[in-house]
Amino acid sequence: MKMGSKWRLVAIATLVLAALTLVACGGDDDDENGDEAAVEVEQFPANTTMGKIQEAGEIRIGVKFDVPPFGFNNPQTGEVEGFDVDLGRYIAERLGVEPVFREATSDNRIPLLVDGTIDLILSTMTITEERDLEVDFSEPYYVANGDILVPEGSDIEGIDDLNGQRVCTALGSTYQETIKKEAPDADLRLIDRYSECLELIQTGAIDAISTDDVILTGMVVEDETLEILGIEYTTEPYGAGVPEGDTEFKQFVDATIAEFIDDGTWQERYDEWVGQYIPEEQRQGPPDITLKEALKLFPLE
């Protein structure tokens, strides 16, 4: 099973690298050809968050900078790209402003929103009841699954095998607690950026990485000697984070995400960044889980 998964992911890696080259060479085709219709922008009251963003002329969005295919600094273009970034651009377009992308790691994304450094979080953030105490979540816009990445030839085959092993994940991620529960004897290494986990596994300093499957796929793109186990041991619904209690802004973001899904843009971006590089049976459509259902997956304890 692991070898089959490995073969597919190596193929995915090759295709993704080719796609990134194409993006670097021709990323502005839609604008140049005038294919995209102009968006009608609503002018919001000045005392709302939307109105203040419009007055500023920009929306500051926290995204990952090291997590392809959702948010990463493309060295060929010098631009931040990915699924979360495209959703951020879509939201900015509906406000008639420019998006400004700030790096938001798993550990600092909520503090950045709370202290006003950013206006919105789109940073592969799983919806949990604990986080909901500090921010408000949009309806889910993507559903990932928890998995494990190991070097080729590893004896690790499941979550129980992490006991006694050196396991890396991000500080502030849901896996920080999940691994402690599921593999209490694991030697857990917590870092700020997932790219640091990749460096550690490449040098043999750790035995495994555990996080969302889409994040691990990006690591396989960079190093084909790594493989994903394919066990999908958690469900991780992603939500946009907005300031706590800002009901009007949450409603705007929810409505925009719904439009992103309904007009087919979600599927286009999914196919571009994820879907076309994985087997057909593993592809997904827009999430059908609600915010209420998502919160129940990670209840307060």
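Engineer: Got a minute to help me understand the overall build of the chain in this structure?
Structural biologist: Across its full length, the chain holds 12 helices and 14 strands. Expressed as a percentage of the 301 residues in the chain, the buried residues total 52%. A separation threshold of at least 6 residues defines the contact pool for the chain, and within that pool the share at least 24 residues apart is 71%. Of the roughly 13,900 Å² that the chain leaves accessible, carbon and sulfur atoms contribute 47%.

Engineer: Mind showing me how you'd approach the packing of aromatic side chains here?
Structural biologist: Scanning the model with the defined rule gives 17 aromatic pairs in all. On the numbers, 6.1 Å between centres and 80° between planes, the contact of phenylalanine 83 with phenylalanine 260 is edge-to-face. A residue pair is termed long-range when its members are at least 10 positions apart, and phenylalanine 83 in helix H4 (residues 83-95) and phenylalanine 260 in helix H10 (residues 247-262) qualify at 177 residues. Taken as a pair, phenylalanine 83 and phenylalanine 260 share a single burial class, namely buried. With 5.1 Å between their ring centres and 10° between their planes, tryptophan 266 and tyrosine 270 make a pair best called stacked. With a gap of 4 residues between them, tryptophan 266 and tyrosine 270 both fall in helix H11 (residues 265-273), about one helical turn apart. Note on accessibility: tryptophan 266 and tyrosine 270 belong to one class, buried. Site record: aromatic cluster; members linked through ring pairs are Phe70, Phe83, Tyr90, Tyr141, Tyr142, Tyr238, Phe260, Trp266 and Tyr270. The ring of tyrosine 90 has arginine 94 lying over it, and the distance from NZ or CZ to the ring centre is 3.7 Å.

Engineer: What should I look at first to understand unusual backbone geometry in this one?
Structural biologist: Trans is the prevailing form of peptide bonds, just as negative phi is the prevailing case for residues other than glycine. Omega for the bond connecting proline 68 with proline 69 falls within 30 degrees of zero, at 10°, which places this linkage in the cis form. Mapped onto the elements, proline 69 comes out in the loop between strand S2 (66-67) and strand S3 (71-74). Despite not being glycine, threonine 124 shows a phi value in the positive range, around 40°. With respect to the helices and strands, the residue threonine 124 is situated in the loop between strand S6 (120-121) and helix H6 (129-132). Overall, the relative accessible area of 5% leaves threonine 124 in the buried class. In this structure, glutamate 232 takes a positive phi of about 45° despite not being glycine.

Rules of the game
Residues numbered from 1 in each chain as written. Predicted model: local features only at pLDDT ≥ 70, side-chain atom pairs only at ≥ 80, totals over all residues. Heavy atoms only, no water. Helix = DSSP H or I, 4+ residues; strand = E, 2+ residues; numbered from the N terminus. Buried < 20%, exposed > 50% of the residue type's maximum accessible area, 1.4 Å probe, protein only. Contact = heavy atoms within 4.5 Å. Areas by Shrake-Rupley, 256 points an atom, 1.4 Å probe, with all protein chains shown as cover. Phe/Tyr/Trp six-rings, centres within 6.5 Å; stacked < 30°, edge-to-face > 60°. Lys NZ or Arg CZ within 6 Å of the ring centre and 35° of its normal.

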